[in-house]
Amino acid sequence: MRCSIEKKQVFQTDRRAFLKMAAGAIVVPAVWTGRRARGAESKNDRIGVGAIGTSRYRPGTWGNPNEFDGRGTTIARQAGEFGDIVAVADVNQHFAGYFAENYGNRCQTYSDYRHLLDRKDIDAVIIGTPDHWHAKMAVDAMRAGKDVYCEKPLTLTIGEGRILCRVAKETGAVFQVGTQQRTEFDDVFLKAAAIVRSGRLGETIKALSSVGQPDFVRAGGSRGPFQSSPPPEGLDWDLWLGQAPWAEYCPERYFYDWRWWFAYSGGQVTDWGVHHTDIAVWAMGLDGTGPVSIEGKATFPGVEGGFDVAESFDCTLKYADGQEIRLFSGANELIFSGEKGRIRVNRGGLTGRPVEELTEKDNEELAGVMAQLCRGKQPGGHMKNFFECVRDRSLPVSDVYSHHRAVSCCHLANIALRLDRPLAWDPEKEDFVGDAQASALLSRPQRKPYDLT
């Protein structure tokens, strides 16, 4: 089954068609129907929220001398500004308790997220777990009638993405993915996307999605091997592993460093790669399709019992229309190049001659394109966008469908890098062309009873 939604709910992939649409009245996609139509309720009606996966990182994590909140805790706290946090689930009882402290006796703690999903007073869940749990939890949440905000990268495999798209469409759930560069960071990524979409750089774009190397490489840390030890008190290690293969506990599999194990993540290729690659796919109008060829090289730690994701990588994904995305472990930046010009953007700002030469009229036109990219809503807060969409049942700015296409680029890169050979891809069928070995990697065996069925 091809992952898609009705054409009225997605943008045209052709930039000229998009520009014509943006030049007129702003068109807001049709809203979802069939689930809690909160737009008809009182504006003071608060949305019940459950947080799944919160964390605290230990001192000394990649140079940070203090204990600090993990991403799951951060986004759940953001959600508390727009809804009522009524429950938290984490396999680490101490993390759940730490998170709940800020909400007095109003926030119930659970070890198993499924008990949280049973609650009728929860309308939306915030998922901030390690990557290998995202798809299973999101599917269970949608089936339980909840809307979902889930951190990136949304999936561990392309197969999971196809399932998520299907379930989101079947249930009508509002689903926001945590690729917050679309709405935050002073709109520099949004404006870059508008410049590309407007045709100011040309018709055939090449993007450099340069995302750096894993932290253990940049910080000169150990690659392993790592010694196992008993899990800390209060941690359900079997539940943390979930559908991933059984492994003895060691601190380097847990806390922040789970990112560097292929069983739980895609390493830097997906962890940071999906940030810039998502913007590239969005800006280039490729969020309804995929590449036709993937080719690249990578180096791996090669340590038994240690980290096993790519240390450095350089992979090019080519599309049928001649556009390209190069996913690279260089300096953190996203560069768009076309026959008319070149721009560079990262969280520090947006630069390039096409930016410097924008006139007041140009900026007014780009504002219309930016509004269209945001589907008629104001940028300036990813969580705010999610809650606005929960209320009016519209499609969030970082929807599950376009993210599936973006993160699939990263998964395709990982498969090509690990097989160490060029691959041909059919973006309609979402399968490799004549390559059974590569096709077998579109999904992974899952440990029962935690498998996604």
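To keep things clear, this report deals only with the structure shown in the data block. None of the values given here were measured: they were computed from a predicted structure. (Residues numbered from 1 in each chain as written. Predicted model: local features only at pLDDT ≥ 70, side-chain atom pairs only at ≥ 80, totals over all residues. Heavy atoms only, no water.)

### A word on the overall build of the protein
Tallying secondary structure elements over the protein gives 16 helices and 17 strands in all. Taken across its 453 residues, the protein has 59% of its residues classed as buried. Within the protein, residue pairs in contact and separated by at least 24 positions form 71% of the contacts whose partners lie at least 6 positions apart. In the structure as shown, the protein presents an accessible area of about 17900 Å², 50% of it carried by carbon and sulfur atoms. (Helix = DSSP H or I, 4+ residues; strand = E, 2+ residues; numbered from the N terminus. Buried < 20%, exposed > 50% of the residue type's maximum accessible area, 1.4 Å probe, protein only. Contact = heavy atoms within 4.5 Å. Areas by Shrake-Rupley, 256 points an atom, 1.4 Å probe, with all protein chains shown as cover.)

### Structural notes on the packing of aromatic side chains
Each pair of aromatic rings is reported with the distance of its centres and the angle of its planes. Within this structure, the stated rule accounts for 22 aromatic pairs. Between the aromatic rings of Tyr-149 and Phe-386, the centroid separation amounts to 5.8 Å while the plane-to-plane angle is 75°, which identifies the pairing as edge-to-face. Taken together, the residues span a long stretch of sequence, with Tyr-149 in strand S7 (residues 147–150) and Phe-386 in helix H14 (residues 382–392) at a distance of 237 residues. For the pair Tyr-149 and Phe-386, one class covers both residues: buried. (Phe/Tyr/Trp six-rings, centres within 6.5 Å; stacked < 30°, edge-to-face > 60°.)

### Some remarks on the sheet that holds strand S1 (residues 47–52)
The strand order S5-S4-S1-S6-S7-S8 describes an open sheet built from six strands, whose pairing is parallel. Each edge of the sheet is formed by a strand with only one pairing partner; in this case those strands are strand S5 (108–110) and strand S8 (175–177). Taking each pair of neighbouring strands and ignoring which way they run, the sheet shows an average axis angle of 20°. Relative to S5, strand S4 (residues 83–89) runs parallel, the two being bridged by three bridges. Looking across to S5, one finds that Ala-87 is bridged to Gln-108. Contacts between helix H2 (residues 71–79) and the sheet are confined to S1, S4, strand S6 (124–127) and S7, with S6 contributing the most and set at about 155° to the helix. (Pairing = 2+ DSSP bridges. Axes fitted to C-alpha atoms, helices over the stretch in contact; angles between N-to-C directions.)

### Description of empty space enclosed by the protein
Tallied over the entire structure, the rule returns two cavities of 30 Å³ or more. Taken as a whole, the second largest cavity encloses approximately 30 Å³ of empty space. Looking at the lining of the second largest cavity, its residues break down into three nonpolar, three polar and two charged. (1 Å grid on protein atoms, 1.4 Å probe; cavity = no way out; pocket = protein on both sides within 12 Å on 5 of 7 lines; lining within 4 Å. Points joined across faces, edges and corners; volume = space filled by probe spheres on them. Nonpolar A, V, L, I, M, F, W, Y, C, P; charged D, E, K, R; others polar.)

### Comments concerning the sheet that holds strand S12 (residues 324–328)
Strand-to-strand pairing in sheets goes through backbone hydrogen bonds, with the strands running parallel or antiparallel. A sheet is described by the order of its strands in space; here nine strands give the open sequence S15-S14-S13-S9-S12-S11-S10-S16-S17, paired in mixed fashion. Two strands in the sheet have a free side with no partner beyond their single neighbour: strand S15 (349–351) and strand S17 (431–432). Two elements, strand S10 (residues 293–299) and strand S11 (residues 312–318), share seven bridges in a ladder whose sense is antiparallel. By the bridge assignment for S11, Ser-293 is matched with Lys-318. Contacts from helix H7 (residues 188–197) reach strand S13 (333–338), strand S14 (341–346) and S15 within the one sheet, and its direction differs from that of S14 by about 160°.

### Here we look at the packing of H7 against helix H11 (residues 273–283)
Two elements in contact, H7 and H11, have axes whose closest approach is 8 Å; the angle formed by their N-to-C orientations is 35°. In the crossing of H7 with H11, the sense of the turn from one axis to the other is right-handed. Taking contact as the criterion, the partners of Phe-189, Leu-190, Ala-193, Val-196 and Arg-197 in H7 are, on H11, His-276, Ile-279, Trp-282 and Ala-283. Class assignment of the residues belonging to the contact of H7 with H11 gives a composition of seven nonpolar, one polar and one charged. (Left-handed = near helix turned anticlockwise from the far one by under 90°.)

### Some remarks on helix H15 (residues 400–419)
Taking 1.5 Å per residue, 20 residues should reach 28 Å; H15 reaches 28 Å between its end C-alpha atoms and fits that length. Burial of H15 is extensive: 19 of the 20 residues sit out of reach of the surface. Its side-chain oxygen at 3.0 Å from the backbone nitrogen of Tyr-401, Asp-399 defines the N-terminal cap of H15. (Expected span 1.5 Å × (residues − 1). Polar contact = N/O pair within 3.5 Å; in protein donor to acceptor, adjacent residues only side chain to side chain.)

### Some thoughts on the packing of helix H5 (residues 134–143) against helix H6 (residues 158–171)
With their axes 10 Å apart at the nearest point, H5 and H6 run at an angle of 10° to one another. If you check the angle between H5 and H6, you find them roughly parallel. Between H5 and H6 the crossing geometry is left-handed. Across from Ala-135, Ala-138, Val-139, Met-142 and Arg-143 in H5, the residues of H6 making contact are Glu-160, Ile-163, Leu-164, Val-167, Ala-168, Glu-170 and Thr-171. Classifying every residue of the contact of H5 with H6 by side-chain character gives eight nonpolar, one polar and three charged. (Parallel < 35°, antiparallel > 145°, perpendicular 65-115°, else oblique.)

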